[in-house]
Every structure is written in C-alpha cells, then in structure tokens.
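A closer look at the structure
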Amino acid sequence: MRFSISNLALFAAAMVAGSSAQAQSQLVIAVPQLPTPRNVETEGGQTGVIGIQIAQQIVSDLRTAGSIYPTGPDGLRHYTPTEAGAPQYPNWANIGAGALVTGYVQARDDGRITVACYLYDLKQRREMTRKGFVVDPKEWRLAAHRCAGAFFTAVTKRPGHFDSRIAYVAATGSRTQPVKRIAIMNWDGTDHSYLTQGEVTVTSPRLSPDGQRITYMSFAGGMPHVRVVDIDGSNDRQLVQSQSMSFSPRFSPDGRSIAFSMAIDGNTDIYIVDADGGFPRRLTTTPGIDTSPSFSPDGSRIVFESDRGGTQQIYVMNADGSGQRRISFGGGANSAPVWSPDGERIAFTRWTGAGIGIGVMSPTGANEKMLTSGWQDEGPSWAPDSEWLVFQRTQQGTGATSLYTVTVGGGEPKLLATPTPGTDPNWSGAAQ
Amino acid sequence: MIRAFILLAAFAGTAASAQYQPYPYPPPQPGPGFPAPAPGYPQPGYPGMQGPVLALPVLEADLRARAGSDTVRFGRDSYVLTTQAQATLTSQAQWLIQHPFVRASIEGHADGRQTRDYAFALGERRAAAVRNYLIASGVPPQQLQIVSWGRERPAAAAAHDATWLQNSRVVTVLKQPQEPYFQPQQPLPQQYR
C-alpha cells in the first residue's frame, strides 16, 4: 500500500515537472540497495551501509530527471553481489519497473572501496550501461552521482548533471550595502564552500568547461575588472592589464579563451583574450553597448546582447567578430543570452515593462518560448544536459534573491536552496 | 632651492598634525552663480596660518551646499544630461576648479531592473557623460576618474519599479585630499616667492 502511494506521489511529481519528456514514455527504474560481499568498517562507514546510501543517492538524483522515475531502495528484494553482473530476470519481473539498477560495494586492501553499478533493461533483458569506480570511502557520493549520470545518459542520450557544480554569488548585508562572496556547491546544494570572503564586491562567476577555474568580476582596487582563479582559491589573477573597466566574462568551450566586455569612455564592446592573459582582440565596434557574450558549443560563434538598435536585443556573430546579425524579434528588451551545451537553444532574459522572465529560442531566433514569468527572473545558465536551467529570482518589494531551476519544457520553477540569498548562478559542464 | 625648502616645511607641518590640512590657495571668491560659502564654513588658509580642518565630510558638505547636489539623475536606459543635471554639473565643475587639490570619483549607477552586465555598461556610460561634461566645463581631466557600480549599490533599499529614478544616477564622490601640493603652472602666492 505504502509502495503504491509513493509511486503515485512520484508520478504526480513527474507530471508537475511537466517537461518535454511528457511526450516520451516515463521509464520506471528500480534501485535496490547495493550488496557488499563482506560488511567491512571503512573510513566512510560500513560497506553495507554505503551500499544503501549509494542506492538512495541514485534514486534522489534520478528523481530530478523529468523522463525517469526511480523507486527504492526500500521495498525491493535484496540480492547477492554475484547477481549484480548477471541479474535473474524472472525475480525482477513483477516489480513494475522497466529497468533495474544493480551493483556492489567492496572494500579493498588499500583502504579504498570499489563501487560497481549496472543498468539493465528488464523488458529486453539486456545490459544498458555499467560503471566502476575505485574511490575513497568518504567519497561514495561522487560514485553515486556518476552512476546516476551514466544511467541518465543511457536512457535519455544526454549528459547527466549529477556530478556537476554550480557557482553563484552569495549576497548578505543590506541591499544598499551588500556583501558579496563567490560560492560553489554541488548541483543539489551539497558540498558548499566560499571562494572569496567578501572584502570586495564580486559578480558574475563563470566556471571553465573543465570546472577547474572560475572567471569573475571584482571591485578589488576600486576599478571593476575581470579576474581568473583556480577552483581551490589559488592563483587569483587579473585577466587583462588595463585601466578600463572590464566585466561579463565567459570561457570558450575549449577553455583557452575568455570573451568579456570592456567599457572605454562610455562605449562598451566585446573583446576576446587568451585565458592566461595577453592582449585582447576587439570583436565589436558599434557605439552602442555590446555585452554578455556566450560561445556556441563548437566555439565558432558568439551570441551577445547589444542596444545598437535602440533597445537591448540579442545578436549572433562569428567568433572573429564577423557576420553580426540580430536574432531576437519577439518583442520587449532581450538580454543576457546563453548558448545551450547541445547547441540547440539560446536562453535569454526578457523585459516587457511589466515583468522580467526567462525564455529560450533556437540559434536562428525561431521557436521562441517563455519559461518563467516572475516579477524579475534573470541570468539563466544551462545544466550540462541542456534540459535544465538555473536562474536568479528577485522578489518585488524586499528585493530578496534566490536561485531557481526550471526545465526547457516549462513547469513551475523549483527553489534551489542556498545557505544565503544567491544571485548570478553558473552551472558547470559535467566532469567525465 | 628656497622652493624646495618651503615644500619640505609644508610637508613637515602636515606630518606633525595629521588632521590639520592647510592648503596653499586663496579662498574661492564668490561670483555670479557661485554664492559665498555658508556661514561657519571654514575658510582655507595658507601654510603656517591658522587654517581649517579640511576633512572629507566638510568638503562634501560644501560641494552639496554650493552645487545643489552631488548627484545627477537619468531617465530609464538614458545617459542624456537633463537641463537640471547640467546646471548641477556646472556648479560642481566650478567647485572642482576652485578646489584643484580635491580629486573626484565619478560613480555611475543603474537600476536593479537592468540585467547585471548591461547595468555595468550603462553606469559607465552615464559616468563618462558626466565626466565629459565636467571636463568641457574646465575641470582638469586628471582630477577625475570614473567607475561604474552597475546595479550593485542601489540608493533605494526597496525593490519596486518606482525606485528606478532614485537608482539611475551619477554621484560625484570626493576623495580625501592628501598633502597639499603646488601645481607648477600656477604662480606661488607672493609671500613664498
């Protein structure tokens, strides 16, 4: 009875999430607890307990994917480690699932643990994917995230985001005198830490494609400028040696260059420079404000915003600055464009006079669709699966800010809880 | 030689009392459109004279009193100086010309309804418009620097559409003058020649 109710709840949740996956069939994946050949005490707890925790984490991860709903580990039968690589299909036939996760956790002599996980298609009785990791026992969660990511990819053919990270600006203090720190956390809010300590105002952190560096804007020294820092907080450096104000940085997909804006005597243009510094190359030359550059996934084009036509609109150009043309014609002022990792869509922020919301369009400007309609929703950033977006929502009146996620299918945005109010979220690519 | 000695003496004098900031210029003369200082405003003196304490709050209050405001405001998305803004800036320019030892940071702001990147660009554009106006009014360029706060420092704590006029602004922020110095192109006062 309890089982069916929880199934119903999950089904309802999936309907509310209401993504484009609605058109697809919903795949039920059973995730029983991972067995262990011998229950051994490790630094991360007993291997038997880790097996339960990994199953719970996989369920928790997959539950956020619109087209999948996982069940377990409670209420599912136990099996032996030997069955992990060779499931006895008749034993799993009546659990109402289309796919099965198996695996095991085994302690090694060197103090680490082996985590193996498999995904089986119960209808066609075949293996869909498998993963194996040797990790520190305390890092079992990372193995669980990567298993879940591999399963998500096997089902949806898209990269998973379960081991991805989100950088954002943690804002405390009053609205007129805020204290801003760059924070980074796992996509689900766990493993949270601060990269800067709030001595100076910082904005717009953007992760490198490999997740190892962050480029951001800082008021250090009084003049706002772009900096680059390693993910562990070391090697913090100014990107371009210039007396002019620079901001709005973003890495190229290969991580070798950074596009950014520089304002000189009232004119803001887009420049590109080697990620290790050097002499920047100017890409735009109009007297208007050109800012918020974002690369296409192949690095050949850049989408950006410009008010050269009177209002802020979205433009696309080749990565060398040639072939600039406007693509947004849907009304309102359109800004802060970001290209999706699969190259299919561009997310943007639209101001209509009444509210500010997040929308998506194809790179030609067609198929425009608004996803949110808050008083002020802005600054979208893509998850590696190109299905989810994280953005900043500001409440009218108090000005309180929080991070929310939404799928391109639409539906109600979900709060992404952070320890302090958050702005400027940036979702990393998946570390594979 | 004598000049170097006087500079040295002036320097030693300021070092001895850190708060005492005499400066070697005649007090600004009231003129058309530039009223006499408010009663109680400390008159600057020459080195060695009994002078006022030229603390930053005093200078700021004087700028506000004589120029009307340290702030000019803009329409939405606009960086055009209104007639009122031009009048304020003309007075600010006169004040800055008569206090050449006081450097100013021209700080541009945009409203929170702008996206973050655009707000930085717009704040810079407004600050540049103000700086250019001040320079055209005779303020030496090296006396001014510009910076944009984007939407990071709103003037109004509340988040409403009605606050954009308060937030869309450029503020002339004075810097605490350091030791007095002589500009070579200006003649020394008679008693120091």
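As the structure is a computational prediction, the values presented were derived from the model and not from experiment.

Considering the environment of Thr82(B)
All names here are of chain B. On the secondary structure map, Thr82 appears in the loop between strand 1 (71-73) and helix 3 (83-98). Overall, Thr82 belongs to the partly exposed group, its relative accessible area being 37%. Once the C-alpha coordinates of Thr82 and Val72 are considered, the two residues, 10 residues apart in sequence, prove to be 8.7 Å apart.

Topic: empty space enclosed by the protein
Enumeration according to the criterion identifies 4 cavities of 30 Å³ or more in this entry. Taken as a whole, the largest cavity encloses approximately 240 Å³ of empty space. Forming the walls of the largest cavity are 17 residues, and the residues nearest its centre are Arg206(A), Ala336(A), Gly379(A), Arg116(B) and Asp117(B). Going through the elements one at a time, strand 11 (202-207), strand 15 (245-251), strand 27 (376-382) and strand 31 (422-427) of chain A together with helix 4 (116-136) of chain B are the ones with two or more residues in the lining of the largest cavity. Here the residues of the lining of the largest cavity sort into 3 nonpolar, 8 polar and 6 charged.

Some words on the state of the cysteines
What is meant by a disulfide is a covalent connection between two cysteines, made through their sulfur atoms. Residues and elements named next belong to chain A. Under the definition given, this model contains 1 disulfide over all chains. Two residues, Cys117 and Cys147, share a disulfide whose sulfurs are 2.0 Å apart. Taking the sign of the S-S torsion, about -95 degrees here, the bridge from Cys117 to Cys147 comes out left-handed. Taken together, the positions of Cys117 in strand 6 (residues 113-121) and Cys147 in helix 4 (residues 140-156) put the pair 30 residues apart, joining distant regions of the chain.

Regarding the pattern of salt bridges
Applying the stated criterion across every chain, the model contains 25 salt bridges over all chains. One salt bridge connects Asp230(A) with Arg237(A), and the closest N-O pair in it is separated by 3.9 Å. Between Asp290(A) and Arg308(A) there is a salt bridge, with its nearest N and O atoms 3.1 Å apart. With a gap of 18 residues between them, Asp290(A) in strand 19 (residues 290-295) and Arg308(A) in the loop between strand 20 (301-306) and strand 21 (313-318) connect regions that are remote in the sequence. Arg308(A) gets classed as partly exposed once you look at its relative accessible area, which sits at 28%. Through salt bridges with shared partners, a single ionic network connects Lys180(A), Asp424(A), Arg116(B) and Glu152(B).

A short note on unusual backbone geometry
With the exception of glycine, the majority of residues adopt a negative phi angle, and the majority of peptide bonds are in the trans configuration. All names here are of chain A. The peptide bond linking Gly72 to Pro73 adopts the cis configuration, its omega dihedral lying at -5 degrees. With respect to the helices, strands and loops of the structure, Pro73 is situated in the loop between strand 4 (68-71) and helix 3 (81-84). For Lys157, which is not glycine, the phi torsion reads 65 degrees and is therefore positive. Residue placement: Lys157 occurs in the loop between helix 4 and strand 8 (165-173). Here the phi dihedral of Asp265 falls at roughly 50 degrees; this positive angle occurs in a residue that is not glycine. Structurally, the position occupied by Asp265 is in the loop between strand 16 (257-264) and strand 17 (267-274). The exposure class assigned to Asp265 is partly exposed, which follows from its relative accessible area of 44%.

Some points on the interface of chain B and chain A
The interface of chain B with chain A comprises 31 residues on the first partner and 49 residues on the second. Overall, the association of chain B and chain A removes approximately 3,100 Å² of surface from exposure, summing both partners, and the carbon and sulfur fraction of that is 49%. Run the count over chain B and chain A and you get 19 residue pairs in polar contact (both at pLDDT 80 or more). Elements represented by at least two residues in the side of chain B that touches chain A include exactly helix 4 and strand 3 (144-150) of chain B. Here the side of chain B that touches chain A is composed, by residue class, of 14 nonpolar, 6 polar and 11 charged.

Some words on the environment of Phe74(B)
Residues and elements named next belong to chain B. Note that Phe74 resides in the loop between strand 1 and helix 3. Accessibility expressed as a relative area gives 2% for Phe74, which makes it buried. Between the C-alpha atom of Phe74 and that of Ala110, which follows or precedes it by 36 residues, the distance is 9.2 Å. Excluding anything up to four places from it in sequence, Phe74 contacts Tyr79, Val80, Leu81, Arg126, Val130, Trp164, Leu165, Ser168, Arg169 and Val170.

Quick word on the sheet that holds strand 21 of chain A
All names here are of chain A. Read from one edge of the open sheet, 4 strands run 19-20-21-22, paired in antiparallel fashion. Each having just a single partner strand, strand 19 and strand 22 (325-326) make up the two edges of the open sheet. Relative to strand 20, strand 19 runs antiparallel, the two being bridged by 4 bridges. Paired with Ser294 across the two strands is Val303, which belongs to strand 20.

Observations regarding the sheet that holds strand 8 of chain A
Pairing between the strands of a sheet is mediated by backbone hydrogen bonds and can be parallel or antiparallel. Residue and element names in this part refer to chain A. Taken in spatial order, the 4 strands line up as 10-9-8-31 in an open sheet, and their pairing is antiparallel. Two strands lie at the open edges of the sheet, namely strand 10 (193-194) and strand 31, each paired on one side alone. Pairing analysis gives 4 bridges linking strand 8 to strand 31, with the strands arranged antiparallel. Paired with Ala170 across the two strands is Gly422, which belongs to strand 31.

Remarks on the environment of Pro154(B)
Of note, Pro154(B) is situated in the loop between strand 3 and helix 5 (164-167). In sequence terms Pro154(B) and Phe120(B) are 34 residues apart; their C-alpha atoms lie 13 Å from each other. Excluding residues within four positions of it along the chain, Pro154(B) makes contact with Arg175(A), Thr176(A), Asn167(B) and Arg169(B).

Thresholds, definitions, all that
Residues numbered from 1 in each chain as written. Chains lettered and ligands numbered in written order. Predicted model: local features only at pLDDT ≥ 70, side-chain atom pairs only at ≥ 80, totals over all residues. Heavy atoms only, no water. Helix = DSSP H or I, 4+ residues; strand = E, 2+ residues; numbered from the N terminus. Buried < 20%, exposed > 50% of the residue type's maximum accessible area, 1.4 Å probe, protein only. 1 Å grid on protein atoms, 1.4 Å probe; cavity = no way out; pocket = protein on both sides within 12 Å on 5 of 7 lines; lining within 4 Å. Points joined across faces, edges and corners; volume = space filled by probe spheres on them. Nonpolar A, V, L, I, M, F, W, Y, C, P; charged D, E, K, R; others polar. Disulfide = S-S within 2.5 Å. Salt bridge = Lys/Arg side-chain N within 4 Å of Asp/Glu carboxyl O. Contact = heavy atoms within 4.5 Å. Buried area = accessible area lost by both parts, 1.4 Å probe. Polar contact = N/O pair within 3.5 Å; in protein donor to acceptor, adjacent residues only side chain to side chain. Pairing = 2+ DSSP bridges.

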